[in-house]
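Report on the structure
Read off the chains here:
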Amino acid sequence: MFDVIVIGGGPGGYVAAIKAAQSGLKTALMEKSELGGVCLNRGCIPTKSLLHAAGALRNMKEASAMGLQASDIGFDYAKIVAIKDSQVKTLTNGIQYLLNKNGVTVFSGQADIVSTNTVTVAGQKLDTRYIIIAAGSSPVKPPIPGINHTSVITSDEALALTRVPASMAIIGGGVIGIEMAFAFQSFGCSVAMIEMEPQIAPLMDADISKGLSVLLKKQGIQIYTGTKVQEIRQDSVLCSKGSENIRIPAQKVLVATGRTANGQSLSLDKLGIAHQKGIIGTDVYLRTNIPNIFAIGDVNGKYMLAHVASAEGIRAVGNITGKARPMDYSAIPQCIYTEPEAACVGLTEAEALNQRLDFKVSHVQAAANGKSLIDGCTKGFVKIIAEKKNGRLLGVHILAPHASEMLAQCTAAIRFRATAKELEEVIFPHPSVSELIAEVVHGIDGKPLHA
Ligand SMILES: Cc1cc2nc3c(=O)[nH]c(=O)nc-3n(C[C@H](O)[C@H](O)[C@H](O)COP(=O)(O)OP(=O)(O)OC[C@H]3O[C@@H](n4cnc5c(N)ncnc54)[C@H](O)[C@@H]3O)c2cc1C
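Please read these numbers as outputs of a predicted model, since none were measured by experiment.

Where helix H1 (residues 13–22) contacts helix H9 (residues 306–321), the axes come no closer than 8 Å and their chain directions differ by 30°. Judged by the inter-axis angle, H1 sits roughly parallel to H9. Like other packed secondary-structure pairs, H1 and H9 cross with a definite hand, here right-handed. Contacts between H1 and H9 involve Val15, Ala16, Lys19 and Ala20 from the first element and Ser310, Gly313, Ile314 and Val317 from the second. When its residues are assigned to classes, the contact of H1 with H9 shows five nonpolar, two polar and one charged.

See below:
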């Protein structure tokens, strides 16, 4: 008899299993494919590995701006892919090691829940007090005519390509589409991104979406917004924008329009676990409608982010072992790892307006920052949104080099309900891009120091 069985070994499941074992619970983890889930094998890590190489290549090509001379700049894509794969292997081996070290029993195979206290895997029937479902998500292909052409790929196949295609049309201008566009364009592929909404990164603050769009276009990526894909042909994508018809030639068509939760792989209906098309419903304590069964990560459809999956795993275990506490989603960082990076936490300006909040906005350009000038990237900015009455930070939006690293401090500030005045007292290292944070909080009262 286990105390907890975790189904799925992604960043939600493996973190939950380690936390459960560390909390003294007899824990099992079941994984049908690879430990690390999408994040390590087909998501966060392999994309960032390719983006790192892509960014380095761009920097090499632009080195003359620093007075450096380099000739015969080139790359070996097969080697880049091999390095990516070995980094993934190092990390997934690490997870196996951590699970063993913490005494988690790992089962390989497809798990199913056969009763509220019984799970089957690899021909065995195991009893448990609690179940944590962390079954993740998979890419979906929308029902567009021609979607089954062999040229059509998802992010899974894009990351497994061993050659850079000559041209690629990317359907979907969200985070995955944008990161793939940046990576493949950097390696010499001619990339066109097609987005139905008026802006790419439509869920981010409008200033970030616009700023990012300008920078990506400058880097050579063609961006078609407000554009609908009508048909995919073997060698092209046919789209329409209002009354205009557009034909985009493409050797590969990457569909990055969304993902679907993997709840369907479990006998949810048989057990009466409430779900909508495989997205498992939970309360604020991450419990499904069956009190001893929890659902965390992509499978509950709240945020499809690795760090949210892990945080939910830790919270779910806390709710099993101690006094139940609701999951707090007030400060969820979201990043796009292009160069420069885009990173956001808290409310966008549109969300603050929709919620009819009384707020102020402060905005500083990276051009006013010494380190950005030295780094050769003065095109970005930092924007904050704060409550008018007390200066409490509501949202931070950054388009700048190292934005994902800078966002961590802003996430802490929003999580602990800091005000702009309190952040004014923080001393930032000089020179650093982070000094933009100091500048932007001074600006909330209309008194920026360097503008
Ligand atoms: C291209 C791409 C880039 C991304 N980049 C980022 C990023 O930079 N940052 C970020 O935060 N997020 C990123 N994500 C999203 C991130 O990968 C997911 O949010 C995260 O992996 C979700 O974790 P999870 O544990 O919920 O599920 P998953 O990682 O999907 O893991 C679920 C696991 O459960 C297993 N499983 C499913 N059903 C069963 C079953 N019945 N029995 C046994 N095992 C089962 C699956 O095999 C899988 O290994 C990216 C995603 C993609 C596709």
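Having seen it, we continue.
On to the sheet that holds strand E8 (residues 152–153). Ordered by their spatial adjacency, five strands build an open sheet running E8-E15-E9-E10-E11, and the pairing between neighbours is parallel. In this open sheet, the two edge strands, each paired with only one partner strand, are E8 and strand E11 (222–224). Inspection of the sheet shows strand E10 (residues 190–194) paired to E11 by three bridges, in the parallel sense. Looking at E11, one finds that Ala192 is bridged to Gln222. In this fold helix H6 (residues 175–186) packs onto strand E9 (167–171), E10 and strand E15 (252–255), with an angle of close to 165° to the strand it touches most, E10.

Right, let's get into the pattern of salt bridges. As a working rule, side chains carrying opposite charge can pair if their charged atoms are close by. Counted under the stated rule, the structure contains 19 salt bridges. Between Asp235 and Arg247 there is a salt bridge, with its nearest N and O atoms 3.7 Å apart. One end of the pair, Asp235, is in the loop between strand E12 (228–233) and strand E13 (236–241); the other, Arg247, is in strand E14 (residues 244–249), and twelve residues separate them in sequence. Given the relative accessible area of 44%, Asp235 is considered partly exposed. Note that Asp445 is salt-bridged to Lys360, the shortest N-O span being 3.1 Å. Of this pair, Asp445 sits in the segment after helix H14 (435–442) while Lys360 sits in strand E22 (residues 359–365), placing them 85 residues apart in sequence.

What follows covers the site of the ligand. The environment of the ligand is made up of 40 residues, and the closest members are Gly12, Glu31, Lys48, Asp298 and Ala306. Here an oxygen atom of the ligand and a backbone polar atom of Val38 are 2.9 Å apart. Between an oxygen atom of the ligand and a side-chain N or O atom of Lys48, the distance comes to 2.7 Å. Here the ligand loses 95% of its free accessible area of 1000 Å² to cover by the protein chains. Going through the elements one at a time, strand E2 (27–31), helix H2 (37–42), helix H3 (44–61) and H9 are the ones with two or more residues in the shell around the ligand. A per-element tally of the shell around the ligand places H2 first, with four residues. Grouping the amino acids of the shell around the ligand by side-chain chemistry returns 16 nonpolar, 17 polar and seven charged.

Our focus in this paragraph is the packing of H3 against helix H4 (residues 77–101). The N-to-C vectors of H3 and H4 enclose an angle of 140°; their axes lie 9 Å apart at closest approach. Considering the angle they form, H3 stands oblique to H4. As for the relative orientation of H3 and H4, their crossing is right-handed in sense. Across the interface between the two elements, Ile45, Pro46, Ser49, Leu50 and Ala53 from H3 touch Tyr77, Ile80, Lys84, Gln87, Val88 and Leu91 from H4.

The next thing to look at is the environment of Lys101. Structurally, Lys101 can be placed in helix H4. According to the relative accessible area criterion, Lys101 is exposed, its value standing at 58%. For the pair Lys101 and Ala21, spaced 80 residues apart in sequence, the C-alpha to C-alpha distance is 9.9 Å.

What counts, and where the lines are drawn
- Numbers given to residues run from 1 along each chain, matching the order in which its sequence is written.
- Side-chain atom pairs in this predicted model are given and counted only at pLDDT of 80 or more, local residue features only at pLDDT of at least 70, and totals for whole chains, interfaces and linings cover all residues.
- Water and hydrogen atoms play no part in the side-chain values, which are based on all heavy atoms of the structure.
- Throughout, an axis means a line fitted to C-alpha atoms (over the contacting stretch in the case of helices), and angles, computed between N-to-C directions, take values from 0 to 180 degrees.
- A run of H or I in DSSP counts as a helix once it spans at least four residues, and a run of E counts as a strand once it spans at least two, with each numbered from the N terminus.
- Under this scheme an angle from 65 to 115 degrees is roughly perpendicular, one under 35 degrees roughly parallel, and one over 145 degrees roughly antiparallel; angles in between are oblique.
- Helix crossings get a hand from a simple test, with the near helix turned counterclockwise from the far one by less than a right angle marking a left-handed crossing and a clockwise turn marking a right-handed one.
- Throughout, a residue-residue contact means that at least one pair of heavy atoms, one from each residue, lies within 4.5 Å.
- Just so you know the grouping, Ala, Val, Leu, Ile, Met, Phe, Trp, Tyr, Cys and Pro go in nonpolar, Asp, Glu, Lys and Arg go in charged, and all remaining residues, Gly too, go in polar.
- At least two DSSP bridges between two strands are needed for those strands to be called paired.
- One side-chain nitrogen of Lys or Arg within 4 Å of one carboxyl oxygen of Asp or Glu is enough to make a salt bridge.
- Categorising residues by exposure relies on relative accessible area from a 1.4 Å probe, with only protein chains included: less than 20% of the type maximum marks a residue as buried, more than 50% marks it as exposed, and the intermediate range marks it as partly exposed.
- Here a residue is considered near a molecule or strand provided that any single heavy atom belonging to it is located within 4 Å of it.
- Think of a polar contact as two N or O atoms within 3.5 Å of one another; within protein, one of them needs to be a possible hydrogen donor and the other a possible acceptor, and neighboring residues in sequence only count if both atoms come from side chains.
- For the accessible areas, the method is Shrake-Rupley and the probe is 1.4 Å, while residue cover comes only from the protein chains on display.

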